[in-house]
Every structure is written in C-alpha cells, then in structure tokens.
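These are the residues of each chain, in order.
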Amino acid sequence: MHMHHGAPLTELNETAILEWHAPTPPSYWSIDIEDRDPSVPRYPALMALHIIFMTLAFFVALPVGISMRALKHPWHGLVVVAFYSLCALGCASGTLYRKLTPDMYEGSTHASHGYLVLILSLCLSALDISSLSRSRSKFSLKPFWQNVVLGRNEVYNLTARYTSLDPEAASEFDVAEMKPLRVAETREPLYVRRNQPIATIQTQDLDDPDDDETAPWSGDNPLYESSLSERTVFEADSPQGSRHSDETLHDFKLPGVIEPQALLVRISQGAFATLERALVFAAFGMTLSGIVVYTGGCRESYVNGCLAHLIKGGIFWCYGLVTFARYLGSFSELGWAWNISPSGEHVSAEFVESLVIFLYGITNTWMERFGVHSGDPYTTKQVQHISIAVMFWFAGLVGMGIESRRVRRWLAASAAAAVGPAEVSEPPSYRGSFNPFPALVIGVTGAAMSAHAQTYLFQVQIHEIWGELLLGFSVLRCLTYFFVWLGPPRSILPSRPPTEALASFFLACGGLVFIFSTEEVTIAAMRKGRDDMMLFLNVAVAITCSAFCWTFCIVAMKGWLKSRSSPRYPLSAP
C-alpha cells in the first residue's frame, strides 16, 4: 500500500484501500466456515483430516524418525512407515477435498510444492535404505525390551565387561573432555583466573594405553565398548564398526591429513543430515502456504509484501526454535550448546548465523525492486529495506571473518611476532565464540522496524511489538556472551545459559508477530474489530510456548532413548 507520510490513521479508509488493492475475493475459509451456504454441501471435515494427518506426519513422526535414525534405533523403520502412512492419508483427504470443492485460489502451488517435499523425503529414505542394506545389524525384541523399556543393561553382561575397571577411575565424560591441566587446584577468584594465561590444552586420547588417566579404559580390556560407540541401539550382537551417530558427521579422531574419500564421506553425511532436518522447516513453510491458500490471502498486489513478511518472519521463528534446541543441548557434539566440542573442531554456530545473514542480505538487496518498472524512482520504503539488506550483507561478512581461525591468526600475528619464537598461550576466552555481529544485525533490524512508518496506527503498534522483541533477543544474546566470557566453557556438557532460553523465546515470538503484521492481516483485523495489540501478542506467545514444548519433548525423547541404550556413567562435580 502507498506510504502514508502524515500521522497514522485510526480508522480504515476503504476508498484508499481499493485504489491500491482489488476487493478481497471469496476463499475456502469463507465458503466452508464464514459465509457457508446451507444449501450447498461443503466438506471442511476433509480439510481438518488433511491438517491433522500432515501435522502428525511432519511434526511428530518425522522428528521422532530423525532422532531414531541418528541413534540407529531399530524401530526407526517402523516410524518411517508411520510417517509415509500419515502422508498418504493426508494427501488422500486433501485430494478428495479439492475434487469436491470449487477452486477458490487460482494458480495455487501449495499441492505441487508439497509433492516436492514428499519426493525429497522419498529420495532421502531411498538413500537410507541403501545404506541399511549394507549393514549387518539385526533387531532382536528381547534385548530391546530389556535395555530400552526396562533399562536393564544386564542383557549386555556389563558386569563381566567392566570387572577390570578401576571404580575410582574418572568417568568417560572426564576422559573425553578437553581440560586444562591442574584446574582442580585452582581456587583463585574468577576475576583473577580470567586474567591469567590458560595452561596448555591437552586432549585425552581414549585409545592411548600409556596415558595413566585413561589406563582403566584402554583397549587392554577386550570386552570394553565405549558408550560413545555406535552399536546398533539395544542390540547385543551389534558390530563395533560404526563408532558414532550420524549427527557427529565425522570420525572422532581425525587424521593429520584428511583423505579425499574420507572428506567426501563427511560431506555426504553432513548434506544428508542437513536435508533430513530441513524437511521439518519445509513442512513449516508448507503450513504457512496452506494457511494462505485456505484463507485466500497474498493475492495480486498483496503478494510481494506478504511473501516478505512470511519468509523473513519464518526465518526468525525457525531460528528461535533452533536456538532453544541449542539451549537444551542439541548440537553439543559440534560445540554449539555453549560447551566444548567432544569431537574436535567444527565451524561455530556464530559462523552459521553469519552465513545465513550474509546470504539473506546479498539476495534481498536486489529483490526489493521486484514488481517495479525499469526507471521507476526508489521509494522511501525501498531505500529503507535495501539499506537493511546491505547491513545484513556486510555484517555477515565481518561475522564470518571473525569466526575464521586463519583470520584470527592474522589478527594476532603482530602480538605473536613481538615475542619471537616463544610459545604463546591462548587466553581463556579463546575457548568460546564471542561474535556480536549476528545479534547486532537482528537488534538494529528490530530497532529500525519499531520506528517503521505505516498507514494505520494499529500497523505501527504491531511493528513496534515485533521490533522490540527482536531487540530484546539482541540484548539477551549479548548478555550471554558477557557471562560466558567471564567463565568460558570447561566441559563437553551443555552449559545452558538462562539468557539463551529467554533470547530464543524473544526471537521466535518476534518472528511470529512479524508474520502477523502483514498488511492484509492487519486490515482484516481492523475490519472485524480485532485490532488489539494484546490479542496479537498473546496468540503469538501461546503458539510459541506450544512450539517450545514440542521442541523440548523431541530433544528430551532423543536423550531418553540414548540414555536407555547406553551404560550410565557418573558425572563428576565441578
């Protein structure tokens, strides 16, 4: 809609709206629910079944299947069958609904995009089946019942396996952890220890029989299997060949020189795991698409603004859920859960954030002019949005540069050269990543959009809400960096900074309100007398809390399965 340069209006001007937008046509929602004609048969129950089946498939069966596949759970195949069965039922009910209902949304691509998502999932399942066909693993019901359901590890004869272990020896978490020497003897205050040079970091070798600390766990005991090994879950006769889950995406001990074949395997595993998890986010996109088609939104002159809000708000929403999963402990094997990675060095989570920000900026810089004629002058709104995209572009570049180890060595070259060839100790802060640029970009975006000019006062208020929520995320993320900088991670276990739980909620909720702030939705709310800030915010908070509960259940279920299938080791006190 045309930018209103005066004071925001409090009442709808229908004449001005019709100058820029065509009248809203009937939709599936209007003929099924809102303006239903009792004399004409309608089938909203079929649409309800479609929604239920697809929700169960992509937001219940699919995440559970991904978790089980990462753990090589023997029931993974059963969950895959349930997923495709639910998809088939959902497709059948949706197709039947379309056959019995007139087409109320010409040119809809929801069905075709949905089939593309299903084809991608079928391709991934085919690759998974081909890899399983080469596996020697077999499922046995009795070991599964004993170990998973009852939690009895006797099925593995663990007592016999561990009789030669020293009961006073360190737990496996301590063995695998990268620890500075003589940490236990350090009792100085934190502000004193933070300014002292850190001792040389040593990574304990799990397979080194000469290491005193790991001697009780060495390969001298042929019956010992590490809990990090990737035995087929709940199986007594599983092979030892695969030592890690697919999530790890690499071998625990990397050779000095990575062979091309090994590198190719790591890349393929990483691509598979990424695509598999991307199916959940694709399902969220299809949910938004389905809502738009059923309610008849995002048509004609509304389409560009609608897509901008759905895509950008959806990104913030999804990454808010990912950030909450990081807080719960997901991606801890990569060191992304505010912990020390137990399996070598990886790209940091901040690098991935900066990469996404860079890609968004470099694409959106040129997309802002979509739909305009060549030679048309730049409007104020276009300049505003393009400048924000340029900020994303270059701030993302700076963020990726800071996360590069090579660039960090370049930045430290002057100081290192001043002391000559002597060994230089890294400060404690080098254990973590303290990159403020992703938080800076999101915070500035929130602050700018809080002051974004709009035609109607209600639209201004809604933009203020999600802008302040994004700004709140930025402040809380900076507080996380502050506290973690005072006490860098010292364990492979997730540290769970409480500021990250709040930050993730602000980010997800802000993204959802961003979606709600589309021009078409706000105008419809004003027409029906629903233009209430509290209503919009409370609905967004309720949906976000429900999604966080769903995320918690998925992460907790995966951890429960892992704990039930592996020997338990005590955690040493700090």
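Residues numbered from 1 in each chain as written. Predicted model: local features only at pLDDT ≥ 70, side-chain atom pairs only at ≥ 80, totals over all residues. Heavy atoms only, no water.

Novice: Can you walk me through the state of the cysteines in this structure?
Specialist: For the coordinates displayed, the defined rule picks out one disulfide. At a sulfur-sulfur separation of 1.5 Å, the disulfide partner of Cys-298 is Cys-306. Residue class for Cys-306 comes out buried when judged on its relative accessible area of 7%. Cys-91 supplies the cysteine sulfur nearest to Cys-87, a cysteine that is in no disulfide, at a spacing of 6.3 Å. (Disulfide = S-S within 2.5 Å. Buried < 20%, exposed > 50% of the residue type's maximum accessible area, 1.4 Å probe, protein only.)

Novice: Help me understand the confidence of the model for the protein chain, please; the structure alone is not making it clear to me.
Specialist: Caution applies to low-pLDDT parts of the model: their predicted coordinates are not meant to be read in detail. Of all residues in the protein chain, 75% have pLDDT values of 70 or greater, and the mean over the chain is 79. Counting contacts from residues 153-257, a segment whose pLDDT is below 50, to residues more than four positions away or on other chains yields 188 contacts. (pLDDT = per-residue confidence, 0-100. Contact = heavy atoms within 4.5 Å.)

Novice: Explain the packing of aromatic side chains to me, please; I cannot follow it from the model alone.
Specialist: Going through the model one piece at a time under the given rule, you end up with 21 aromatic pairs. Ring geometry for Phe-324 and Tyr-327: centres 6.1 Å apart, planes at 25°, overall stacked. Of the two residues, Phe-324 and Tyr-327 both sit in helix H11 (residues 303-328), three residues apart, roughly one turn of that helix. We classify Phe-324 as buried; its relative accessible area is 10%. Relative to Phe-536, the ring of Phe-458 lies with its centre 5.2 Å away and its plane at 80°, an arrangement referred to as edge-to-face. (Phe/Tyr/Trp six-rings, centres within 6.5 Å; stacked < 30°, edge-to-face > 60°. Helix = DSSP H or I, 4+ residues; strand = E, 2+ residues; numbered from the N terminus.)

Novice: Looking at this structure, I do not really get the side chain of Lys-312. What am I missing?
Specialist: Within the element layout of this structure, Lys-312 appears in helix H11. A residue is classified by how much of its surface remains accessible, and Lys-312, at 14% relative accessible area, is buried. At 3.4 Å, the side chain of Lys-312 and the side chain of Tyr-360 are in polar contact. Sequence-distant contacts of Lys-312, that is, excluding residues within four places in its chain, are made with Tyr-360, Asn-364 and Phe-514. (Polar contact = N/O pair within 3.5 Å; in protein donor to acceptor, adjacent residues only side chain to side chain.)

Novice: What am I meant to see in the nonpolar core here?
Specialist: As a rule of thumb, nonpolar side chains are buried together in soluble globular proteins. Tyr-28, Trp-317, Ile-462, Trp-466 and Val-513 are the most contacted members of the largest nonpolar core, which totals 58 residues. The dominant element in this core, judged by the number of residues it contributes, is helix H18 (residues 498-516), at 10 residues. For Ile-462, the residues in contact, after removing those within four places along its chain, are Val-513, Ser-517 and Phe-536. In terms of nonpolar packing, the next biggest core, distinct from the first, is built from 20 residues, Ala-57, Phe-59, Leu-86 and Phe-272 among them. (Core = buried A, V, L, I, M, F, W, Y, C linked by side-chain atoms within 4.5 Å.)

Novice: Looking at this model, I keep getting lost on the packing of helix H16 (residues 437-450) against helix H17 (residues 457-486). Mind explaining?
Specialist: When two helices pack together, their arrangement is given by the angle between the helix axes and the distance between those axes. Where H16 meets H17, the closest approach of the two axes is 7 Å, and the angle between their N-to-C directions is 155°. Classified by the interaxial angle, the pair formed by H16 and H17 is roughly antiparallel. In the crossing of H16 with H17, the sense of the turn from one axis to the other is left-handed. Residues Ala-439, Leu-440, Ile-442, Gly-443, Gly-446, Ala-447, Met-449 and Ser-450 of H16 lie in contact with H17, whose contacting residues are His-463, Glu-464, Trp-466, Gly-467, Glu-468, Leu-470, Leu-471, Phe-473, Ser-474, Arg-477 and Cys-478. Looking at the contact of H16 with H17 residue by residue, the classes come out as 10 nonpolar, six polar and three charged. (Axes fitted to C-alpha atoms, helices over the stretch in contact; angles between N-to-C directions. Parallel < 35°, antiparallel > 145°, perpendicular 65-115°, else oblique. Left-handed = near helix turned anticlockwise from the far one by under 90°. Nonpolar A, V, L, I, M, F, W, Y, C, P; charged D, E, K, R; others polar.)

Novice: Sorry if this is basic, but what is going on with unusual backbone geometry here?
Specialist: Phi is mostly negative for residues that are not glycine, and the peptide bonds are mostly trans. The backbone phi angle of Cys-298 is positive, close to 60°, even though this residue is not glycine. Along the chain, the position of Cys-298 falls in the loop between helix H10 (260-295) and H11. Residue classification places Cys-298 among the buried residues on the basis of a relative accessible area of 11%. Positive phi, normally seen in glycine, also occurs at Phe-331, with a value near 65°. Examined against the element boundaries, Phe-331 turns out to sit in the loop between H11 and helix H12 (349-367). According to the relative accessible area criterion, Phe-331 is partly exposed, its value standing at 26%.

Novice: Can you walk me through the side chain of His-76 in this structure?
Specialist: Along the chain, the position of His-76 falls in helix H4 (residues 76-100). Beyond its immediate stretch of four places on either side in the chain, His-76 contacts Gly-65, Met-68, Arg-69 and Asp-128.

Novice: Would you explain helix H13 (residues 380-403) in this entry?
Specialist: The α-helix winds at 3.6 residues per turn, so residues separated by three or four positions along the chain end up facing the same way. Over its 24 residues, H13 runs 35 Å from end to end, which matches the ideal 34 Å to within 8%, given 1.5 Å per residue. Of the positions making up H13, those classed as buried are Gln-382, His-385, Ile-386, Ile-388, Ala-389, Phe-392, Trp-393, Ala-395, Gly-396, Gly-399, Met-400 and Glu-403. As for H13, its buried residues are in contact with H12, helix H14 (405-411) and H16. (Expected span 1.5 Å × (residues − 1).)

Novice: Quick question: what am I supposed to make of the pattern of salt bridges here?
Specialist: Opposite charge on two side chains permits them to pair, given that their charged atoms come into close proximity. Following the criterion strictly, the structure yields eight salt bridges and no others. Of the charged contacts in the structure, one is a salt bridge between Glu-34 and Lys-528, with a shortest N-O distance of 2.7 Å. A residue pair is termed long-range when its members are at least 10 positions apart, and Glu-34 in helix H2 (residues 28-34) and Lys-528 in the loop between helix H19 (519-527) and helix H20 (533-565) qualify at 494 residues. For Glu-34, a relative accessible area of 39% translates into the label partly exposed. Taking the shortest distance from any N to any O, the salt bridge between Glu-353 and Arg-477 comes out at 3.2 Å. Linking Glu-353 in helix H12 with Arg-477 in helix H17, this pair joins segments that are 124 residues apart in sequence. By relative accessible area, which is 0% here, Arg-477 ends up buried. What emerges from the salt-bridge pattern is a single network uniting Arg-326, Glu-353, Arg-477 and Glu-500. (Salt bridge = Lys/Arg side-chain N within 4 Å of Asp/Glu carboxyl O.)

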